[in-house]
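Okay, here's what each chain looks like letter by letter:
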Amino acid sequence: MTDTALAPPMTRSAGVDFDSTEARELLKRRYRAEARFKALGLLAVLVTAAFLAFLLVDILRKGIPSFFEHRATLTVNFDAALIDPKGTRDPADLREGDYQALVRAALQSQFPEAQDRRTRRALDGMISSGAVDDLRQAVLANPGLIGQSRVMPLLFSSDADLFLRQRDTLITRRTGSGPLRVEGESNAVTLRGGGAAFRAALAESKTFLAERRRALLAELATLPAAGSNAGVDTKRTELEQAAASIQARIADANAPETLTDREPSLLVAIGDGILKITEIGANEAKATTLIAPKPGSIITEWSLLTLRVPETNRRVNDNVSAWLEILAQRGLTERAFNARFFQNGDSREPELAGIRGALIGSALTLMVTLLLCVPIGVAAAIYLEEFAPKNRFTDLLEVNINNLAAVPSIVFGLLGLAVFLNAFDLPRSAPLVGGLVLALLVLPTIIIASRAALKAVPPSIKEAALGVGASHQQAVFHHVLPLAMPGIMTGTIIGMAHALGETAPLLMIGMVAFIVDIPGAITEAATVLPVQIFLWSDLPELAFQSRTAGAIIVLLGFLLVMNAAAVILRRMFERRW
Amino acid sequence: MAGLDLTGRIGGVDVSIIYFSLLLLMSACAYVLARGRAAEGARDRSFHSRPTYHGLLAFSTVALPMFAVFVAGAFLTQLVAERQALAALDPALVADSLRRGAALRQIADILSGRPVSGDVSALAAAVDTARSVRQIAAAAIYALGLAAGVAGLLFALRRITPDFKARNSFERLVSIVLMLCAGIAVLTTVGIVFSVVFETFRFFQRVPPLEFLTGTHWSPQTAIRADQGGSSGAFGIVPLLTGTLLISTIAMLVAGPIGLFAAIYMAEYASPRFRAIAKPVLEILAGIPTVVLGFFAALTVAPLIRVAGQSLGLDVASESALAAGLVMGMMIIPFVSSLSDDVITAVPQSLRDGSFGLGATKSETIKRVILPAALPGIVSAFMLAISRAVGETMIVVMAAGLAANLTFNPLDAVTTFTVQIKTILVGDQEFDSAKTLAAFALGFVLFFFTLTLNVIALAIIRRYREQYD
């Protein structure tokens, strides 16, 4: 021992020369490695934060539109002959009235030229069936409306809504240059513009052709080598020919183009009318009338609309597009807060689907969970922390609780299915069973949090109580537990937030049914918010995508509130002993 | 009689609300009476226990027997009513297990007034029998319950004497209740084990375990009727195993390094201010429901990967393992980093000081001293993370596919245990088919796989904590 202590100190000359170039080089390398390592750590944190930001921005971008809806503000004539033919004003009769006809008439008065059956059906299709119900409710609430004309907001169908939000197709508007001479009528209109009025539009359709040619060439490149298969060879020739013919059309920049429903649509808006171009040249275009403009042969004010997505790939055809465009031009469309989203249950119509049913279902389920797991969890924690003898059984209990916290949630769903549904015959899809399963799921979390809270109370408190003659239980229930309560509540809120976001075990016990009605009791079929999100995300309609994201925003909002409450509680009552 | 029939069974006693109101009322009366009597007595001479304890004990001596009568009665009613109803049915129907189950369910529906489809005239006699059994049972439960309540009350009141240790008795009762509550956790585990083991055992009676564990083909579509030929169903879990492992591996490749580096930075480098911002960010990410991450994976990440793959000339499946794995990895980062953070901060300061004293830089200290010291803890954190990834359901359900491909290509669609369990069990199911049982067998594999990982990981963490405490 003493030898080492008395050993001569290491001097510079005896060991390494710290001033040598190698040593300085080595030191530099080590500092560089240090900086690199630190940067990697920072990068890891930043990547995580960036991912979270990307996720939240993406959800918000997708979901916020679902909080708004588009409506047509049309004058509705509440014709007594249609909605109350018997003239009784009896609610039972009023409920049976033909409110669809009111909507139809309001649309007809805007677009009288829509006459044949198919066009009229397309026109009616612009407005959601929810608007018809709204009118019925309005009349039932106020029968005095009958016989009057009122401006009513009529909810657009989801397709029209998507179009107005430019989600169906991108729309570019270009103000027309120079006067336009209009000749002919209805299906054979010729538009002549001086000074290359349509040159830019023509160039645009040539660009589209170039894109299509590139797609053809890309497809050609994927085909196997020539001569391997006769079928492939014919296909190759076809593709080559198609590409060549497109190439010829592109090459002549001034050659007129025929526009079909496979190319972007070009609409000409003239005053209150809309024409659809069928053939376009640099100075001249052939068109058909969608909505007749006011008569007149030379027009100075006009504009050109390009609907980027070809008509066949769109949910809204050119006719409906024109109507929507004109309605917007006349100031008859409005964007309003979508209260329906919070008032309705689920629906097959995206514009009518709401989350009220799911919210109530979640509330009922969480209520069952809360009532079960807080008393049981706290009791278990008190037992384990304060009363349990230290023996092997208690040890096993502890290991078991820690393990249970890490069991996959879907396994709890299997338990619920096998025990609660099959063995106990409890009702399927019910918040009661959902709450039971979630209670078992979050029980370990609550026990662990409550134990930590109990452990954080200093033993002196208990000892003081015991010292003045309290029994062990009195000391715990009267003194330790109240002091641990803030911690227990924080743990409970976090456990509840976990339960609110849980999906998988609820799928197992049948909470996935399509349920329109708002559940009223814990034994009725219901669904919960996360499951509703899952169900909607599975639907093919584009409109449901934003509903899904909207529901996610609501869910995240609730979770945020709960977690914030937990944090505030912790800050307010946190005590350092 | 208005009430709620929670059980939906033939014997379901639909008197619970009234019965329980009665129970509460009588118990409350017992509490007030006993407390009052004890308080009155305590004026003359000192009692061992405070009046409240006498009251609470009286409350329990009324409530517990009444509750016991109800539970036992409901159980017996179910037993008797079902037997009597079956006796009143056509013996041919009773012999067929499927039709018997359906008939019992229909009888239960009729009894609780739910709409029943189809012709149920054949069940009329059985329904009447069951109904009369129920009526008799309800009367009996009321009579017995009331008797038990009154007896409990009298017994409790008689026990109120100065020497009676009511507090000790009540506290003994409370400890039993507390212990039972702690026991529920054990009961849950037992319930899980039983529910999966039992069904798995039945599954293995139809499909040999060896075929299940080594088969390379998974298509659980069994024939519904025996005479339906062709689709016999294949139950080989190897493709599911590779799919699960593929996605978990991708997830761990993302979460492992990022989570560990984030933990190191947070524990060793970050200033308190940075920590105060970065910790909540990680907690928010940890709190995002998996269904939200699944939506994000399926609608944003998967298309991005597809476009990126196409621009590189790669053929990416629209439900690729990569998308699901990446997002799952992101989900696990907070998990890995918070566990590792705990483990790293638990390394004693003396080890760091020793290393710094020898002239090591911070990163050298971390790499050569702290990480080796924290290794057991980090390994167990990774194991817990793997168990998380394997058991995760929603992300894979929404972003990975259903196709049971035996592949290791991350750009292909694969399927996992959890996806298959969900797919088989959601929607209508025949509880006796091999297909449904297969889901439980998968659950069995999943449960024991994750359990093993968890037990080992938690044991390591425990030993590690003891080492440095």
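Residues take numbers from 1 onward in each chain, read along the sequence in its written order. A letter from A marks each chain and a number from 1 marks each ligand, given out in the order of writing. Reporting of local features is limited, given that this is a predicted model, to residues whose pLDDT is at least 70; pairs of side-chain atoms are given and counted only at 80 or more, and all residues count toward the totals for whole chains, interfaces and linings. Only hydrogens and water are set aside when side-chain values are computed; all heavy atoms of the structure are taken into account.

### Re the overall build of chain A
Step number 1: Every helix listed is a DSSP run of H or I at least four residues long, and every strand listed is a run of E at least two residues long, numbered separately from the N terminus. Counting secondary structure elements, chain A contains 21 helices and twelve strands.
Step number 2: Over its C-alpha atoms, taken along the principal directions, chain A stretches across nearly 110 × 95 × 50 Å.
Step number 3: Only protein chains enter the accessibility calculation, which uses a 1.4 Å probe. A residue is then buried if its area is under 20% of the maximum for its type, exposed if over 50%, and partly exposed in between. Expressed as a percentage of its 577 residues, the buried residues of chain A come to 48%.
Step number 4: Residues count as neighbours in contact if any of their non-hydrogen atoms are within 4.5 Å of one another. In chain A, once contacts between residues fewer than 6 apart in sequence are set aside, the share between residues at least 24 apart is 74%.
Step number 5: Computed with the Shrake-Rupley method and a 1.4 Å probe, the accessible areas treat only the protein chains shown as cover for residues. For chain A, the computed accessible surface area is about 27,600 Å², with 58% contributed by carbon and sulfur atoms.

### Some details on the overall build of chain B
Step number 1: When its secondary structure is counted, chain B shows 16 helices and two strands.
Step number 2: Expressed as a percentage of contacts within chain B between residues at least 6 apart in sequence, the contacts between residues at least 24 apart total 73%.
Step number 3: Split by element, the accessible area of chain B, about 22,200 Å² in all, is 65% carbon and sulfur.

### Section: the domain arrangement of chain A
Step number 1: Domain limits in this description derive from either an automatic procedure or a database domain assignment. Domain boundaries in chain A define domain 1 (21–62), domain 2 (66–164), domain 3 (171–314) and domain 4 (356–573).
Step number 2: Between the C-alpha centres of domain 3 of chain A and domain 4 of chain A there is a distance of 60 Å.

### Observations regarding the interface of chain A and chain B
Step number 1: Taken together, the 80 residues of chain A in the interface contact 80 residues of chain B.
Step number 2: Simply put, the buried area is the total loss of 1.4 Å probe accessible area from both parts when two parts are fitted together. Between chain A and chain B, the buried area comes to about 6,900 Å², and carbon and sulfur atoms account for 76% of it.
Step number 3: Salt bridge, as used here, is a side-chain nitrogen of Lys or Arg placed within 4 Å of a carboxyl oxygen of Asp or Glu. Across the chain A-chain B interface, the total number found is one salt bridge.
Step number 4: Across the pair Arg 30 of chain A and Glu 364 of chain B runs a salt bridge whose closest N-O atoms are separated by 2.8 Å.
Step number 5: Polar contacts here mean pairs of N or O atoms no more than 3.5 Å apart (in protein, one a potential hydrogen donor and the other a potential acceptor; neighbouring residues in sequence count only if both atoms are side-chain atoms). At the junction of chain A with chain B, the criterion picks out 15 residue pairs in polar contact (both at pLDDT 80 or more).
Step number 6: Broken down by element, the side of chain A that touches chain B gets its largest block of residues, 22 residues, from helix 2 (residues 21–63) of chain A.
Step number 7: Along the lines of polarity and charge, the residues of the side of chain A that touches chain B split into 57 nonpolar, 15 polar and eight charged. For this classification, Asp, Glu, Lys and Arg are treated as charged, while Ala, Val, Leu, Ile, Met, Phe, Trp, Tyr, Cys and Pro are nonpolar and the rest, including Gly, are polar.

### Describing the packing of aromatic side chains
Step number 1: When two rings of Phe, Tyr or Trp (its six-membered ring) have centres within 6.5 Å they constitute a pair, described as stacked for plane angles under 30 degrees, edge-to-face for angles over 60, and tilted for the intermediate range. Taken as a whole, this structure holds 26 aromatic pairs over all chains when the rule is applied.
Step number 2: Aromatic pair Phe 67 of chain A and Phe 341 of chain A: ring centres 5.8 Å apart, planes at 70 degrees, arrangement edge-to-face. Of the two residues, Phe 67 of chain A sits in the loop between helix 2 and strand 1 (68–77) while Phe 341 of chain A sits in helix 12 (residues 340–343), which places them 274 residues apart along the sequence. Comparing Phe 67 of chain A with Phe 341 of chain A, the two get one shared label, buried.
Step number 3: Ring centres of Tyr 19 of chain B and Tyr 142 of chain B lie 5.8 Å apart, and the angle between their planes is 70 degrees; on these two criteria the pair is classed as edge-to-face.

### Thoughts on a nonpolar patch on the surface
Step number 1: Exposure above 30% relative accessible area and the lack of any salt bridge qualify a residue for a patch; like charges then connect within 9 Å, and the nonpolar side chains Val, Leu, Ile, Met, Phe, Trp and Tyr within 5 Å. The grouping of Phe 75, Leu 76, Leu 79 and Val 80 of chain B at the surface amounts to a nonpolar patch, some 390 Å² of accessible area in total.
Step number 2: Its place among the elements puts Leu 76 of chain B in helix 2 (residues 51–87).

### Re the nonpolar core
Step number 1: Take the buried Ala, Val, Leu, Ile, Met, Phe, Trp, Tyr and Cys residues and link them wherever side-chain atoms come within 4.5 Å; each set so joined is a nonpolar core. Trp 218, Met 328, Ile 332 and Leu 425 of chain B are the most contacted members of the largest nonpolar core, which has 180 residues in total.
Step number 2: Residues within four places of Ile 332 of chain B in sequence aside, it is in contact with Ala 251, Ala 255, Ala 385 and Ala 389 of chain B.

### Let's talk about the packing of helix 13 (residues 356–387) of chain A against helix 20 (residues 529–537) of chain A
All names here are of chain A.
Step number 1: To define axes, lines are fitted to C-alpha atoms, for helices over the stretch in contact only, and angles between the resulting N-to-C directions are given on a 0 to 180 degree scale. Taken N-terminus to C-terminus, the directions of helix 13 and helix 20 make an angle of 145 degrees; their axes are 8 Å apart at the nearest point. Packed against helix 13, whose contacting residues are Ala 358, Leu 359 and Ser 362, the element helix 20 presents Leu 529, Pro 530 and Gln 532 at the interface.
Step number 2: Its residues placed into classes, the contact of helix 13 with helix 20 shows four nonpolar, two polar and no charged.

### Looking at the confidence of the model for chain B
Residues and elements named next belong to chain B.
Step number 1: As a per-residue quantity, pLDDT reports the predictor's confidence and falls between 0 and 100. For chain B, per-residue confidence averages 82 on the pLDDT scale, and residues scoring 70 or more make up 90% of the total.
Step number 2: Ranking the elements of chain B by mean pLDDT puts helix 3 (residues 91–95) last with 71 and helix 12 (residues 349–357) first with 92.
Step number 3: Below pLDDT 50 for its whole length, residues 1–8 participates in 26 contacts with residues either more than four positions away or in separate chains.
Step number 4: Here residues 223–231 scores under 50 on pLDDT; set against residues more than four positions off or in separate chains, the count is four contacts.
Step number 5: For this predicted complex, the interface score ipTM comes out at 0.85, alongside a pTM of 0.85.

### As for the pattern of salt bridges
Residues and elements named next belong to chain A.
Step number 1: Under the counting rule described, the total for this entry stands at 25 salt bridges over all chains.
Step number 2: As a salt-bridge pair, Arg 136 and Asp 133 come within 2.9 Å of each other at their nearest N and O atoms. Residue Arg 136 and its partner Asp 133 are located together in helix 7 (residues 129–141), separated by three residues, close to a single helical turn.
Step number 3: With relative accessibility at 36%, the residue Asp 133 sits in the partly exposed group.
Step number 4: What you see here is one network of salt bridges that share partners, running through Glu 69, Arg 71, Asp 134, Glu 334 and Arg 340.

### As for the side chain of Ser 320 of chain B
Residues and elements named next belong to chain B.
Step number 1: One can find Ser 320 in the loop between helix 10 (290–311) and helix 11 (321–345).
Step number 2: Judged by its relative accessible area of 1%, Ser 320 falls in the buried class.
Step number 3: For Ser 320, the contacting residues outside a window of four places in its chain are Ile 305, Ala 399, Pro 410, Leu 411 and Asp 412.

### With respect to the sheet that holds strand 12 (residues 333–337) of chain A
Residue and element names in this part refer to chain A.
Step number 1: A pair of strands is treated as paired once DSSP finds two or more bridges between them. The sheet built from three strands is open, its strands ordered 2-1-12 with antiparallel pairing. Since the sheet does not close on itself, it has two edges, and those belong to strand 2 (149–155) and strand 12, each with one partner. The sheet shows a mean angle of 40 degrees between the axes of neighbouring strands, taken without regard to direction.
Step number 2: Sitting on the sheet, helix 7 touches strand 1 and strand 2, and the angle it makes with strand 2 is about 140 degrees.

### A few points about helix 10 (residues 230–251) of chain A
All names here are of chain A.
Step number 1: Expected span, for any helix, means 1.5 Å times one less than how many residues it has. In this model, helix 10 (22 residues) spans 31 Å end to end at C-alpha, consistent with the 32 Å of a helix rising 1.5 Å per residue.
Step number 2: Of all the residues in helix 10, the buried ones are Val 232, Arg 236, Leu 239, Ala 243 and Ile 246. One side of helix 10 holds all its buried residues, which, seen down the axis, span an arc of 100 degrees. Helix 10 presents Ala 230, Glu 238, Gln 241 and Ala 248 as exposed residues on the side facing more than 90 degrees away from its buried surface.
Step number 3: Where helix 10 is buried, its residues touch helix 9 (199–222). To obtain the arc, one takes the directions from the helix axis to the C-beta atoms.

### Details of the pairing of strand 11 (residues 303–307) of chain A
All names here are of chain A.
Step number 1: In terms of burial, strand 11 is largely enclosed, as four of its five residues are buried.
Step number 2: Across five bridges, the pairing between strand 3 (residues 171–175) and strand 11 is antiparallel. Bridge pairing links Thr 175 to Ser 303 in strand 11.
Step number 3: Bridge count for strand 7 (residues 265–270) against strand 11 is five bridges, and the pairing is antiparallel. Looking at the pairing, Val 268 lines up with Leu 304 of strand 11.

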